[in-house]
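# What the coordinates show
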Amino acid sequence: MKKAIYPGSFDPVTLGHLDIIKRSAALVDHLIVGVLNNSTKTPLFSDERVNMLKEVTKDIPNVEILSFSGLLVDFAREHNVQAIIRGLRAVTDFEYELAMSQTNRVAAPDIDTIFLNTSLKYAYLSSSIVKEMAMYGGDISKFVPESIVDIVRERYSSSYNIKANENGDIK
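The shown structure was predicted, so the numbers you read here are calculated from the model rather than taken from an experiment.

From N to C terminus, the chain includes six helices and five strands. Reading the chain from its N terminus to its C terminus gives the helix and strand order β-α-β-α-β-α-β-α-β-α-α. Expected size for 171 residues packed as a compact globule is a radius of gyration near 16 Å; at 17 Å, the chain falls within 12% of this value. In terms of principal-axis extent, the alpha carbons of the chain reach across some 55 × 35 × 30 Å. Per-residue burial over the chain gives 44% buried out of 171 residues. Put simply, of all contacts in the chain between residues at least 6 apart along the chain, 75% involve residues at least 24 apart.

Okay, the packing of aromatic side chains next. Across all of its chains, the model carries four aromatic pairs by this definition. Residues Y6 and F10 carry aromatic rings whose centres are separated by 5.4 Å and whose planes lie at 75 degrees to one another, so their mutual orientation is edge-to-face. Centroid distance F94 to F115: 5.9 Å. Interplanar angle 65 degrees. Geometry classified as edge-to-face. Pair noted here: F94 is in helix α4 (residues 91–107) and F115 is in strand β5 (residues 112–117), with a separation of 21 residues, a long-range link. Here F94 falls in the partly exposed class, since its relative accessible area comes to 36%.

We now examine the environment of K121. Counting through the fold element by element, K121 comes out in the loop between β5 and α5 (127–135). According to the relative accessible area criterion, K121 is exposed, its value standing at 60%. In this structure, the C-alpha to C-alpha distance between K121 and L36, residues 85 residues apart in sequence, is 25 Å.

Along the chain, T118 falls in the loop between β5 and α5. Not counting chain neighbours up to four residues away, the residues in contact with T118 comprise I20, R23, G87, L88, R89 and A123.

Once that is clear, we can look at the sheet that holds strand β2 (residues 30–36). In spatial order, the strands read β3-β2-β1-β4-β5; together these five strands make up an open sheet with parallel pairing. Pairing within the sheet leaves two strands with one partner each, and these edge strands are β3 (63–68) and β5. The sheet shows a mean angle of 30 degrees between the axes of neighbouring strands, direction not considered. By the bridge criterion, two bridges tie strand β1 (residues 3–8) to strand β4 (residues 83–88) in an arrangement that is parallel. By the bridge assignment, I5 is partnered in β4 with I84. The sheet contacts of helix α1 (residues 15–25) involve β1, β2, β3, β4 and β5, and relative to β5 the element is tilted by about 125 degrees.

Cut-offs and rules
- Residues numbered from 1 in each chain as written.
- Predicted model: local features only at pLDDT ≥ 70, side-chain atom pairs only at ≥ 80, totals over all residues.
- Heavy atoms only, no water.
- Helix = DSSP H or I, 4+ residues; strand = E, 2+ residues; numbered from the N terminus.
- Rg over C-alpha atoms; globule rule 2.2 N^0.38 Å.
- Buried < 20%, exposed > 50% of the residue type's maximum accessible area, 1.4 Å probe, protein only.
- Contact = heavy atoms within 4.5 Å.
- Phe/Tyr/Trp six-rings, centres within 6.5 Å; stacked < 30°, edge-to-face > 60°.
- Pairing = 2+ DSSP bridges.
- Axes fitted to C-alpha atoms, helices over the stretch in contact; angles between N-to-C directions.

Dropping the structure here:
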């Protein structure tokens, strides 16, 4: 069985992430989406990230959502994973991801890294952009799965006392 892991913070999950998940799942028998719990960062969402990913991937039968902390290669070994999948949006992503993949290769020579170019329609998209748009009441419906839109809006509306009008638009 070919197993791979697609790791990330997914804070929140975007349509770009979902695109990589779907394409990765078509390449392997079993795909683990690993939600990183990074103790050096304070995410907008904590445990909800796993639940959001489970919701948006529920129709992809070979995808499993798990959270992890610590080294990615240790998590990958623990789950008998042969490959790590990383999405690339731009040259700047490649420089960072190449260094990480080389480090992982030294630490775990039996685990390969596969780079997937992000689909052009999502090349600009990041969780940071989504959060900034949401913070200022922007329309994030073109950036995240439909089931995530209200969750992100509610987080910012409760965090920043932003009020929604009768149409549901955040003001």
